[in-house]
Amino acid sequence: MSSLRNQGIPDAEHALHLLRQMLRVRRLEEKCIELYSAAKIRGFLHVYIGEEAVAAGVMETLAPDDAVVATYREHGHALLRGVSAGAILAEMYGHAEGCCRGRGGSMHLFDAATRFYGGNAIVAGGLPLAVGLALADRMAGRQRVTVCFFGEGAVAEGEFHESMNLAALWQLPVLFCCENNLYAMGTALGRSESQPDIALKAAGYEISAWAVDGMDVLAVEEAARRAVDAVRSGGGPHFLELRTYRFRAHSMFDPELYREKSEVVRWMERDPISLLQGVMQAAGELPAEEWDRLKADVDSEISTAVGFAENGTPEPVSELTRFVYSDRPDDGGYTGAGGTPEPDTTAGKGGAAG
Amino acid sequence: MKTTYREAMRAGLRDAMQRDERVFLMGEDVGRYGGSFAVSLGLLEEFGPERIRDTPLSESGFVGAGIGAALGGMRPVVEIMTVNFSLLALDQIINNAATLLHMSGGQFNVPIVIRMTTGAGRQLGAQHSHSLEGWYAHIPGLRILAPATLADARGMLWTALQDPDPVLIFEHGSLYNMAGELDDDAGAVDIDKAAVRRQADGQGHRNGDTLTLITYGGTLPMVLDAADQLAGEGIDTDVIDLRTLRPLDAHTVLDSVARTHRAVVVDEGWRSGSISAEISARICEQAFFDLDAPVERVCSLEVPIPYAKHLEEAALPSVERVMAAARRAVGADG
């Protein structure tokens with residue numbers, strides 16, 4: 001069972017903080033599902049429910065100028081990296097107040113201020129980016145770490161192997177965090193990998209790799225801290241396989257024909273939030289009123305965020321063709337799309353284009 | 001100064017590396033081998049293995065790493081041996097480099113330069129000979145350059161590195177040995193405008209013997225050759241070198257067509273869905289009433305480029321085919 005029970009709670013205040021972080025992600029996404037069902041937000045929506053201990057544990061170990069690369073199931077990563085719930089929800093509303101001004105949506109959250117580099121919907125597409133961010137740090141002599149989250153489905157892509165090889169070959173400061181939730185959409189790991197031991201694959205590239213209980217936030221944090229410290233002090237790339245499970249369907253369109261309900265129920269017994277909550281309560285570190293206060297705080301944060309998103313302004317169609325190319329100060333706003341007198345401007349006229 | 005296209009490229013690289021310490025070159029065999037086309041020969045000794053960085057044969061990995069390094073504040077120049085191999089990196093180029101600025105709502109620039117060879121004519125078979133720059137020119141967010149002259153080979157790289165957005169430079173393999181004079185102080189060049197490489201001189205035999213030849217990259221020398229021979233036949237031509245396939249400078253093309261009233265587009269890519277199709281369409285959309293004849297196109301035949309010399313030659317645009325198209329355009333083909 002969980003090392004949570006074995007190691008006890010060394011620091012009640014810190015444990016409470018981790019509990020709060022996981023609950024923030026849970027509540028944000030429960031709200032996303034509600035808003036999706038109400039047709040307030042659209043597109044693909046992939047929630048992280050059940051996997052919160054991974055993002056909560058890893059993010060805890062990062063410094064403000066480290067970089068984070070994530071996948072399309074990244075609301076939790078964005079939130080715990082410091083992007084506000086309001087900016088995340090406003091993005092899903094397609095509002096100007098969204099963290100990408102409505103151009104990214106649920107799958108493509110970005111934030112320069114917190115060095116959050118997405119939000120990549122191609123399963124292994126973020127891995128080479130993480131390698132490059134780490135390369136830039138290495139070449140510039142900066143002691144920064146780049147953390148790259150990806151699912152176990154990405155392990156089947158060539159970019160996974162190319163990235164492992166490059167990172168190890170060049171000894172780059174990157175931490176790969178494989179969120180192994182056992183299913184790539186509906187394809188079980190055993191049906192997609194000849195060798196399903198993912199940490200072993202990484203070790204094959206001469207990368208220090210461990211498998212970690214991804215439902216145990218303390219175990220995740222401890223492993224991540226050890227790995228991040230090693231990466232930061234010049235130990236080259238490290239790899240964590242975080243064994244977790246998503247309680248909900250792959251997306252809102254997924255009928256979940258590929259797994260038994262009983263399997264989901266069995267994993268839900270190890271819900272990372274209840275697990276930490278239970279241990280804290282058993283140790284007398286989480287009085288009922290503290291837990292109630294925590295829930296109320298988080299609920300209040302999320303409802304404020306919904307209000308912020310709800311009252312936002314739709315990103316104007318007149319801005320549609322911005323950010324295809326950079327605005328350049330020296331030539332009066334050349335954009336190649338909206339600024340030059342292109343004959344075919346149907347794409348630039350928004351509403352007129354139908 | 002006497003130089004070659006290859007040496008001009010190298011001079012551009014050296015210059016960029018000296019001027020900006022964030023610039024580094026990365027790709028297959030760029031270091032110890034000296035570059036597949038010897039463009040980077042000697043640069044490893046000059047700048048060291050950190051900045052002249054050999055990569056494994058993993059196009060998606062190292063192009064993606066270049067994009068990440070650009071996000072991280074570097075100014076990477078990534079070399080891919082040929083455009084054919086760049087297809088292994090399409091995900092990174094199209095799904096990341098071209099989209100990150102937009103998807104992030106303007107937060108993340110990708111100031112990467114990706115260089116690669118393109119084109120046929122050296123009997124290398126289909127998987128080393130295609131001209132796919134027109135495909136890349138389809139993608140919003142990318143800037144597509146095709147240096148066709150020594151000055152552009154020398155100067156485009158620096159301009160490209162000043163661009164905050166991803167720039168792809170296509171170097172036609174047949175141009176590397178092209179030799180000629182280049183000014184000693186040659187430097188950065190404009191990459192926003194097409195160039196008029198030859199101006200019709202009004203010496204056509206009769207009214208109506210003028211036309212605009214439009215091309216770029218590896219076919220420019222051939223088109224200039226054809227233009228000389230056409231002049232001997234009394235056909236007077238403007239020759240336009242597009243230089244930048246995206247964003248396309250249609251003005252220079254349209255201005256010329258407004259004067260000559262005829263156009264022939266020469267493109268080593270295949271005709272269907274090509275950059276020549278785009279240029280032809282723009283002329284029809286914007287200069288239809290200036291035209292005295294249908295727009296002609298000279299493209300590669302629609303086959304994978306074959307190995308055998310006579311077959312390869314027959315598949316590619318040639319001086320003869322350009323001249324025949326020009327004669328048709330001016331109604332001088334009998």
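In this text, all values refer to a predicted model and were calculated from it rather than measured experimentally.

*Asks:* Please provide a residue-by-residue account of the overall build of chain B, values included.
*Replies:* Of regular secondary structure, chain B possesses 13 helices and 14 strands. Relative to a compact globule of 334 residues, whose C-alpha radius of gyration would be 20 Å, chain B shows 20 Å and is just as compact. On the principal axes, the C-alpha backbone points of chain B span a range of 60 × 45 × 40 Å. The buried share of chain B, taken over its 334 residues, is 65%. Considering only contacts in chain B between residues 6 or more positions apart, those separated by 24 or more positions represent 81%. Just so you have it, chain B exposes about 12100 Å², and 52% of that area is on carbon and sulfur atoms. Separation between the mean location of the 29 positive side-chain charges and that of the 46 negative ones in chain B comes to 1 Å.

*Asks:* Residue-level account of the sheet that holds strand β4 (residues 174–180) of chain A, with values.
*Replies:* Residue and element names in this part refer to chain A. Ordered by their spatial adjacency, 6 strands build an open sheet running β2-β1-β3-β4-β8-β7, and the pairing between neighbours is parallel. Both edges of this open sheet fall to β2 (116–120) and β7 (208–213), since each of them pairs with a single strand only. Neighbour-to-neighbour, the strand axes of the sheet open up by a mean angle of 15°, direction not taken into account. Strand direction decides the pairing type here: strand β1 (residues 67–71) and β2, joined by 3 bridges, are parallel. By the bridge assignment for β2, alanine 70 is matched with glycine 119.

*Asks:* Any chance you could break down the interface of chain B and chain A for me, citing the residues and the numbers?
*Replies:* The interface of chain B with chain A comprises 51 residues on the first partner and 42 residues on the second. Interface of chain B and chain A: buried area, both sides summed, is about 3800 Å²; carbon and sulfur atoms make up 60% of it. In terms of surface lost to chain A, no three residues of chain B exceed B:His102, B:Met103 and B:Phe108, which account for 17% of the buried area on that side. Linking chain B with chain A are 1 salt bridge, by the criterion used here. Its salt-bridge partner being A:Arg138, residue B:Glu50 comes within 3.1 Å of it at the nearest N-O pair. Linking chain B with chain A are 21 residue pairs in polar contact (both at pLDDT 80 or more), by the criterion used here. Those elements that place two or more of their residues in the side of chain B that touches chain A are β2 (23–27), β3 (52–54), α3 (59–71), α5 (90–97), α6 (100–103) and α11 (275–287) of chain B.

*Asks:* Describe the pattern of salt bridges, and please don't skip the residues or the numbers.
*Replies:* Residues and elements named next belong to chain A. Tallied over the full model, the rule gives 44 salt bridges over all chains. One salt bridge in this structure joins glutamate 30 and arginine 27, with 3.0 Å as the shortest N-O distance. Remark: arginine 27 and glutamate 30 occur in helix α2 (residues 12–37); sequence separation between them is 3 residues, near one turn of the helix. Classification of arginine 27 as partly exposed rests on a relative accessible area of 22%. Glutamate 193 is the salt-bridge partner of lysine 201, the closest N and O atoms lying 2.7 Å from each other. Classification of glutamate 193 by relative accessible area gives buried; the value is 10%.

*Asks:* Would you mind going over the packing of aromatic side chains in detail, with residue names and values included?
*Replies:* Throughout the structure, instances matching the rule amount to 16 aromatic pairs over all chains. Note on A:Phe150 and A:Phe176: the rings are 6.4 Å apart at their centroids and 75° apart in plane angle, and the pair reads as edge-to-face. Remark: A:Phe176 occurs in strand β4 and A:Phe150 occurs in strand β3 (residues 146–151); sequence separation between them is 26 residues. Assigned by exposure class, A:Phe150 and A:Phe176 land together as buried. A centroid spacing of 5.3 Å and a plane angle of 85° characterise the contact between B:Phe288 and B:Phe289, whose relative ring orientation is edge-to-face.

*Asks:* Run through empty space enclosed by the protein, naming residues and quoting values.
*Replies:* In total, this model carries 7 cavities of 30 Å³ or more according to the counting rule given. In this structure, the largest cavity encloses a volume near 70 Å³. Looking at the lining of the largest cavity, its residues break down into 3 nonpolar, 6 polar and 2 charged.

*Asks:* I'd like to hear about helix α10 (residues 217–232) of chain A, residue by residue, with values.
*Replies:* With 16 residues, α10(A) extends 22 Å between its outermost C-alpha atoms, agreeing within 8% with the 22 Å of an ideal straight helix rising 1.5 Å per residue. Backbone nitrogen of A:Leu218 and a side-chain oxygen of the N-cap are separated by 3.0 Å at the start of α10(A); the cap is A:Asp216.

*Asks:* Please give an account of the packing of helix α9 (residues 220–232) of chain B against helix α13 (residues 319–329) of chain B that cites residues and values.
*Replies:* Residues and elements named next belong to chain B. In contact at an axis separation of 9 Å, α9 and α13 are set at 50° when each is read in the N-to-C sense. When the axes of α9 and α13 are compared, the pair comes out oblique. Between α9 and α13 the crossing geometry is right-handed. Of the residues in α13, those in contact with Met222, Asp225, Ala226, Gln229 and Leu230 of α9 are Val319, Val322, Met323 and Ala326. Looking at side-chain class alone, the contact of α9 with α13 contains 7 nonpolar, 1 polar and 1 charged residues.

*Asks:* So, unusual backbone geometry: which residues are in play, and what are the values?
*Replies:* The step from A:Gly118 to A:Gly119 runs through a cis peptide bond, and the omega angle for that step is 10°. Take A:Gly119: it is sitting in strand β2. The step from B:Arg246 to B:Pro247 runs through a cis peptide bond, and the omega angle for that step is -10°. With respect to the helices and strands, B:Pro247 occurs in the loop between β12 (244–246) and α10 (250–260). Backbone geometry places B:Asp29, a non-glycine residue, at a positive phi of 65°. By the element assignment, B:Asp29 lies in the loop between β2 and α2 (43–47).

*Asks:* Give me the lowdown on the sheet that holds strand β4 (residues 75–82) of chain B, citing residues and values where you can.
*Replies:* Paired through backbone hydrogen bonds, the strands of a sheet run either parallel or antiparallel to each other. All names here are of chain B. Spatially, 7 strands are ordered β3-β2-β4-β5-β7-β6-β12 in an open sheet, and the strand pairing comes out mixed. Each edge of the open sheet is held by one strand with a lone partner, namely β3 and β12. Between one strand and the next, the sheet's axes are offset by a mean angle of 20°, whatever the strand orientation. Strand direction decides the pairing type here: strand β5 (residues 113–118) and strand β7 (residues 167–172), joined by 6 bridges, are parallel. Paired with threonine 118 across the bridge in β7 is histidine 172. Along the sheet face, helix α8 (residues 150–162) touches β2, β4, β5, β6 (143–145) and β7 and points at about 145° away from the line of β5.

What counts and how
- Residues numbered from 1 in each chain as written.
- Chains lettered and ligands numbered in written order.
- Predicted model: local features only at pLDDT ≥ 70, side-chain atom pairs only at ≥ 80, totals over all residues.
- Heavy atoms only, no water.
- Helix = DSSP H or I, 4+ residues; strand = E, 2+ residues; numbered from the N terminus.
- Rg over C-alpha atoms; globule rule 2.2 N^0.38 Å.
- Buried < 20%, exposed > 50% of the residue type's maximum accessible area, 1.4 Å probe, protein only.
- Contact = heavy atoms within 4.5 Å.
- Areas by Shrake-Rupley, 256 points an atom, 1.4 Å probe, with all protein chains shown as cover.
- Lys, Arg positive; Asp, Glu negative; His and termini not counted.
- Charge placed at Lys NZ, Arg CZ, Asp CG, Glu CD.
- Pairing = 2+ DSSP bridges.
- Axes fitted to C-alpha atoms, helices over the stretch in contact; angles between N-to-C directions.
- Buried area = accessible area lost by both parts, 1.4 Å probe.
- Salt bridge = Lys/Arg side-chain N within 4 Å of Asp/Glu carboxyl O.
- Polar contact = N/O pair within 3.5 Å; in protein donor to acceptor, adjacent residues only side chain to side chain.
- Phe/Tyr/Trp six-rings, centres within 6.5 Å; stacked < 30°, edge-to-face > 60°.
- 1 Å grid on protein atoms, 1.4 Å probe; cavity = no way out; pocket = protein on both sides within 12 Å on 5 of 7 lines; lining within 4 Å.
- Points joined across faces, edges and corners; volume = space filled by probe spheres on them.
- Nonpolar A, V, L, I, M, F, W, Y, C, P; charged D, E, K, R; others polar.
- Expected span 1.5 Å × (residues − 1).
- Parallel < 35°, antiparallel > 145°, perpendicular 65-115°, else oblique.
- Left-handed = near helix turned anticlockwise from the far one by under 90°.

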